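Chain residues, written in single-letter form:
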Amino acid sequence: MMNDTKAPAGIEGGRRRLAGLACALFLAGWLAPGSGRAQVLASDEVPRERTIPEKQYIDDDMARSKLHLGPVKIFPSATVYNAGYDSNVFSTTTDPVADWTATVAAGVRLLLPMGSKLYLKADVFPHYTWYDKLKDRNRFGGLYDLSLLGFFNRMSFQVTASDKQDYILYSSELPSYVFENLQSAVGGLEVDLTKSLSIFGSGGYQKVRFTQYSGPPLQDIQVKLNNSDASEAGGGLRYTISKDWYVAALVDATWSDFQYQSELRDNRSLAYLGAIYFNRPRLFVNVRGGYREGMSNNGSFYPKYQTPVGAFFLSFFPTRWIELQGYGYRKVNVSISPLNPYYFNNTLGGGANIELFDHVLVRGFVQVGPHTYPEAQFEGGELVKRVDHTKSYGGGLSIKLPARIVLTGLVSRQIYVSNVPAGTRDFIRFTAFLNFTGVYAR
């Protein structure tokens, strides 16, 4: 599906299934627990999944279209996600609060071809999140976006406006589900200079607000510290070796203005990055990395940094029924600490997806890495620089049921060992997913 290279039938079928999920059920990427798309403008990260060009998504949608209203293609879908028992809803070190929860989403994607090279796309997916005991956390939300996409002979572009309200895992520092209200507008343009060389540019703006409903009062204050308005602009050169393989170099700049403690948190950054993308049925590689410099903005006291950043995701099928994954990243995360407006998040992980009997998928993962903070703080009467050593591992099972229903159950354990007592915690989570596409969400 992704290229002309012939692959074993099981692998090629798996690639088609993944692409079908991405098209028919975008919720797996946008709304699944832990998707954490709060920082949609970050350009030194890569998705932790196989991706294909946007044009391929559009072509696949056009090919599989069955419902339409005049020229408008209609793709309805529904899912149940983040369903199950959460043993520590607020990720606290003492007196954990447990509850049962689920989110039900249903809606439609609309695609309007405007000729052979221009498309208008809309996603309308309202949802409702339910908690059994924590009634104040029951919320309506959803994803609503509108995109204009153009794919011309020597130029392509995309402009998207989006409005999203949902519970997300706030961060690796506070791995609790927090309600996010996010509005964003992003756009990108690429122009071919030669058959292999192209120039591209992008920019965007986002407004994000966080609320911790029913949680400890301190958490509601902490998560709001990162309410912000941010913008980004960047561009670079891409050299395409084949339709499945390219390398790129780019420059990226960001500006962030915070609603609270702006005198400590307002900042801007500049990064110089390189990227490699390689996509074959058996092997997928997506790497991006370089150097980012952060500094104060609007006269704030934001601590300056200069650090390597980047991320990678690898997917390999040694056989048609086993997928091995590896991923890692080093990035600058906003912090809930009043003393440290950011921390360096270093993570390395891997996992495996094993398909059994064509209707059962077994999965497992493990990831480790330290979080380091730049500013020293008083603990036990002395100044220390906080370091959290983190470890997460878990696994689960997906089963294909009749009527194209896929049921997935996951369990994970998260361990944080810190030289600051408040940062040490250890808890287990159970979650479940239900979708109606007949496709595994890997």
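Above this text sits the structure in question.
None of these values were measured; they are calculated from a predicted model.

**A few points about the overall build of the protein chain**
Here's step 1: Counting its secondary structure elements, the protein chain contains five helices and 21 strands.
Here's step 2: A globule of 442 residues ought to have a C-alpha radius of gyration of about 22 Å, and the protein chain, at 22 Å, matches this closely.
Here's step 3: For the protein chain, the C-alpha atoms occupy an extent of roughly 65 × 50 × 40 Å along the three principal directions.
Here's step 4: Per-residue burial for the protein chain yields a buried fraction of 48% across its 442 residues.
Here's step 5: In the protein chain, 59% of the contacts between residues at least 6 apart in sequence involve partners at least 24 apart.
Here's step 6: Summed over all atoms, the accessible surface of the protein chain reaches about 19900 Å², with 63% contributed by carbon and sulfur.
Here's step 7: Seen as two clouds, the 46 positive and the 39 negative side-chain charges of the protein chain have centres 7 Å apart.

**Looking at the side chain of Gln-219**
Here's step 1: Along the chain, Gln-219 falls in helix α4 (residues 217-224).
Here's step 2: A polar contact of 2.8 Å, which involves the side chain of Gln-219, links it to the backbone oxygen of Phe-90.
Here's step 3: Apart from the residues lying within four places of it in its own chain, the contact partners of Gln-219 are Phe-90, Thr-92, Leu-174, Ser-176 and Gln-212.

**Details of helix α3 (residues 54-64)**
Here's step 1: Within α3, burial applies to Tyr-57, Ile-58, Asp-60 and Asp-61. Viewed along the axis of α3, the buried residues span an arc of 165°, placing them on a single side of the element.

**Quick word on a nonpolar patch on the surface**
Here's step 1: Nonpolar side chains collect at one region of the surface, where Tyr-239, Ile-241, Trp-245, Val-247 and Ile-276 lie side by side and expose about 420 Å² of accessible area between them.
Here's step 2: With respect to the element layout, Val-247 can be found in strand β10 (residues 245-258).
Here's step 3: Judged by relative accessible area, Val-247 falls into the partly exposed class, the value being 31%.

**Re the nonpolar core**
Here's step 1: Phe-200, Ala-248, Leu-250, Ala-271, Leu-273, Ala-275, Tyr-302, Tyr-305, Val-309, Val-332, Tyr-342 and Phe-344 together form the largest nonpolar core, which totals 12 residues.
Here's step 2: Looking at this core, the element that brings in the most residues is strand β11 (residues 267-279), giving three residues.
Here's step 3: Look past the residues within four positions of Ala-248 in its chain and what remains in contact with it is Phe-200, Leu-237, Arg-238, Leu-273, Gly-274 and Ala-275.
Here's step 4: Grouped together as the second largest cluster of nonpolar side chains are nine residues, Tyr-170, Val-178, Leu-182 and Ile-336 included.

**Overview of the pattern of salt bridges**
Here's step 1: For the structure on display, the rule yields 18 salt bridges.
Here's step 2: Across the pair Asp-86 and Arg-429 runs a salt bridge whose closest N-O atoms are separated by 2.9 Å. Taken together, the residues Asp-86 in strand β2 (residues 72-86) and Arg-429 in strand β21 (residues 425-435) connect sequence positions 343 residues apart.
Here's step 3: Judged by relative accessible area, which is 5%, Arg-429 ranks as buried.
Here's step 4: When the shortest N-O distance is used, the salt bridge between Asp-123 and Arg-109 registers 2.8 Å. Of this pair, Asp-123 sits in strand β4 (residues 118-131) while Arg-109 sits in strand β3 (residues 99-113), and the two are 14 residues apart along the sequence. Neither residue differs from the other here; Asp-123 and Arg-109 are each classed as buried.

**Quick word on the pairing of strand β19 (residues 387-401)**
Here's step 1: Two elements, strand β16 (residues 360-372) and β19, share 13 bridges in a ladder whose sense is antiparallel. Bridge pairing in β19 links Val-360 to Ile-399.
Here's step 2: With antiparallel pairing between neighbouring strands as the criterion, β19 and strand β20 (residues 405-418) make up a hairpin whose turn holds three residues, including Ala-403 at a positive phi of roughly 65°.

**Thoughts on the layout of surface pockets**
Here's step 1: Here the second largest pocket defines a volume of roughly 530 Å³.
Here's step 2: Secondary structure elements with two or more residues in the lining of the second largest pocket: α4 and β17 (377-379).
Here's step 3: Here the element with the most residues in the lining of the second largest pocket is α4; it accounts for four residues.
Here's step 4: Its residues assigned to classes, the lining of the second largest pocket shows 10 nonpolar, nine polar and four charged.

**Some points on the pairing of strand β14 (residues 322-334)**
Here's step 1: Here eight bridges tie strand β13 (residues 305-319) to β14, and the two strands are oriented antiparallel to one another. Note that in β14 the partner of Phe-312 across the bridge is Gly-328.
Here's step 2: Between β13 and β14, which pair antiparallel one after the other, the connecting turn spans two residues.
Here's step 3: Taken together, the 13 bridges between β14 and strand β15 (residues 342-356) define a ladder with antiparallel strand orientation. Each bridged residue has a counterpart across the sheet, and for Arg-330 the counterpart in β15 is Asn-346.

**Structural notes on the packing of aromatic side chains**
Here's step 1: Counted according to the given criterion, the structure contains 18 aromatic pairs.
Here's step 2: Aromatic pair Tyr-119 and Phe-151: ring centres 6.2 Å apart, planes at 55°, arrangement tilted. Note that Tyr-119 is positioned in strand β4 and Phe-151 in strand β5 (residues 139-151), a separation of 32 residues in sequence. The same class applies to Tyr-119 as to Phe-151, namely buried.
Here's step 3: Measuring from ring centre to ring centre gives 6.0 Å for Tyr-305 and Phe-344, while their planes differ by 85°; the resulting arrangement is edge-to-face. Remark: Phe-344 occurs in strand β15 and Tyr-305 occurs in strand β13; sequence separation between them is 39 residues.
Here's step 4: Here the basic side chain of Arg-238 rests over the ring of Tyr-246, its NZ or CZ set 4.5 Å away from the ring centre.
Here's step 5: The aromatic ring of Tyr-329 is capped on one face by Lys-331, whose charged end is 4.6 Å from the ring centroid.

What counts and what doesn't
- Residues numbered from 1 in each chain as written.
- Predicted model: local features only at pLDDT ≥ 70, side-chain atom pairs only at ≥ 80, totals over all residues.
- Heavy atoms only, no water.
- Helix = DSSP H or I, 4+ residues; strand = E, 2+ residues; numbered from the N terminus.
- Rg over C-alpha atoms; globule rule 2.2 N^0.38 Å.
- Buried < 20%, exposed > 50% of the residue type's maximum accessible area, 1.4 Å probe, protein only.
- Contact = heavy atoms within 4.5 Å.
- Areas by Shrake-Rupley, 256 points an atom, 1.4 Å probe, with all protein chains shown as cover.
- Lys, Arg positive; Asp, Glu negative; His and termini not counted.
- Charge placed at Lys NZ, Arg CZ, Asp CG, Glu CD.
- Polar contact = N/O pair within 3.5 Å; in protein donor to acceptor, adjacent residues only side chain to side chain.
- Arc of directions from axis to C-beta.
- Patch = residues over 30% accessible without salt bridge, like charges linked within 9 Å, V, L, I, M, F, W, Y side chains within 5 Å.
- Salt bridge = Lys/Arg side-chain N within 4 Å of Asp/Glu carboxyl O.
- Core = buried A, V, L, I, M, F, W, Y, C linked by side-chain atoms within 4.5 Å.
- Pairing = 2+ DSSP bridges.
- 1 Å grid on protein atoms, 1.4 Å probe; cavity = no way out; pocket = protein on both sides within 12 Å on 5 of 7 lines; lining within 4 Å.
- Points joined across faces, edges and corners; volume = space filled by probe spheres on them.
- Nonpolar A, V, L, I, M, F, W, Y, C, P; charged D, E, K, R; others polar.
- Phe/Tyr/Trp six-rings, centres within 6.5 Å; stacked < 30°, edge-to-face > 60°.
- Lys NZ or Arg CZ within 6 Å of the ring centre and 35° of its normal.

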